[in-house]
Amino acid sequence: MADRVVSAGIDGVSGALRMPLYHQIFLILRQQITDGLHEYDALIPGEQELAETYDVSRITAKRALDELAAEGLVVRERGRGTRVRYRPKARAFQSSMDGLLENLIAMGLETKVKLISFGYVPANEEVAAALSCPIGQEVQRSVRMRSVEGKPFSFLTTYVPADIGRRYDASDLANKPLLSLLERSGVQVDAASQAISATLADPGVAGHLGISAGSALLKINRIVKDREGRPVEYITALYRPDQYQYRMVLSRVQGETHNTWTPSQDAATTAKD
């Protein structure tokens, strides 16, 4: 049976996407498993049921299940079906938004980092705007991957003004959190602003994070400033959503004309292991 195209919905797949149908089904099932919808040792739908649910061939369904097995999320046994072998660990990193910079340093100390690249490059338009410097001005660029207990969870690309970046070297960055190095260099870190969005992993990032190309990632762009308001760091952080959560607790505030939601002091970021 040829695979037929169905509209992509919450649990749907679509041939219009630039991604094989079997990989779309794999991503849906993987999310369900990591979200706890299918508990450890639970049976998940087999090839025939998946084929009927997503209106695809059994071969396509089989490839999706084979991908889950290849990642160690399930085990496939003849005559017994496909059972979940993913068990989330209880340990988690948490840091309240009240004291964001200190908590970022603490997270850096509790995780291991792999320095992928380190050097100096001309600032492009985006970086120049973030660091309030001319386009083409020299800046330090570093790429790092953070992991906990051997499992990668973040891919970090950081830019720092060259005059600050030359106060430490690659070996320092491979062993200490960047914010600690900035403060050691005499920078009085004072504030940060950040924007949160989502993106898809390109093949390079996917390889470092141990995921499939095209997997969804949480994306955070952050600008850190010193006490004089000068930008001293611009970072793009990509996080595996199964390993990292951004949590915010909101309080309802009554206004004169309408009510609004406002962040409370309990807002937090969580990196799940």
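Parameters at a glance
- Residues numbered from 1 in each chain as written.
- Predicted model: local features only at pLDDT ≥ 70, side-chain atom pairs only at ≥ 80, totals over all residues.
- Heavy atoms only, no water.
- Helix = DSSP H or I, 4+ residues; strand = E, 2+ residues; numbered from the N terminus.
- Buried < 20%, exposed > 50% of the residue type's maximum accessible area, 1.4 Å probe, protein only.
- Polar contact = N/O pair within 3.5 Å; in protein donor to acceptor, adjacent residues only side chain to side chain.
- Contact = heavy atoms within 4.5 Å.
- Pairing = 2+ DSSP bridges.
- Axes fitted to C-alpha atoms, helices over the stretch in contact; angles between N-to-C directions.
- Phe/Tyr/Trp six-rings, centres within 6.5 Å; stacked < 30°, edge-to-face > 60°.
- Expected span 1.5 Å × (residues − 1).
- Arc of directions from axis to C-beta.

S.K.: Which residues make up the side chain of E47, and what values go with them?
M.R.: Mapped onto the elements of the fold, E47 is located in helix α2 (residues 47–54). Relative accessible area serves as the criterion here: at 17%, E47 is assigned to the buried category. At 3.2 Å, the side chain of E47 and the side chain of R58 are in polar contact. At 2.8 Å, the side chain of E47 and the side chain of R76 are in polar contact. Once residues within four sequence positions are removed from consideration, E47 is found in contact with R58, A61, K62, L65 and R76.

S.K.: Could you give an account of the sheet that holds strand β10 (residues 231–239), with specific residues and numbers?
M.R.: In spatial order, the strands read β5-β6-β7-β10-β9-β8; together these six strands make up an open sheet with antiparallel pairing. Taken across any chain shown, the strands that pair with only one partner, and hence form the sheet edges, are β5 (112–122) and β8 (189–200). Each adjacent strand pair in this sheet contributes to an overall mean axis angle of 15°, direction not counted.

S.K.: An account of the sheet that holds strand β2 (residues 74–77) is requested, with residue identities and associated values reported.
M.R.: Spatial ordering of the open sheet is given by β1-β3-β2, a layout of three strands whose pairing is antiparallel. In this open sheet, the two edge strands, each paired with only one partner strand, are β1 (43–44) and β2. Where β1 lies against strand β3 (residues 81–84), two bridges are found, and the strand directions are antiparallel. Note that in β3 the partner of I44 across the bridge is T82.

S.K.: Which residues make up the packing of aromatic side chains, and what values do they have?
M.R.: Applying the stated criterion across every chain yields a total of three aromatic pairs. Centroid distance F153 to Y239: 6.3 Å. Interplanar angle 20°. Geometry classified as stacked. In this pair, F153 is assigned in strand β7 (residues 151–161) and Y239 in strand β10, connecting sequence segments 86 residues apart. As far as burial versus exposure is concerned, F153 and Y239 are alike and both buried. Arranged with centres 6.4 Å apart and planes meeting at 25°, the rings of Y159 and Y234 form a pair that is stacked. Taken together, the positions of Y159 in strand β7 and Y234 in strand β10 put the pair 75 residues apart, joining distant regions of the chain. For the pair Y159 and Y234, a shared accessibility class is recorded, and that class is buried.

S.K.: An account of helix α3 (residues 58–70) is requested, with residue identities and associated values reported.
M.R.: Between its terminal C-alpha atoms α3 stretches 18 Å, which fits the 18 Å expected from 13 residues at 1.5 Å a residue. Taken together, the buried positions of α3 are occupied by T60, A61, A64, L65, E67 and L68. Viewed end-on, α3 has its buried residues packed into an arc of 150°, placing them on one side of the element. Relative to its buried face, α3 has exposed residues pointing more than 90 degrees away, namely I59 and A70. Within two residues after α3, G72 carries a phi angle of roughly 80°, on the positive side.

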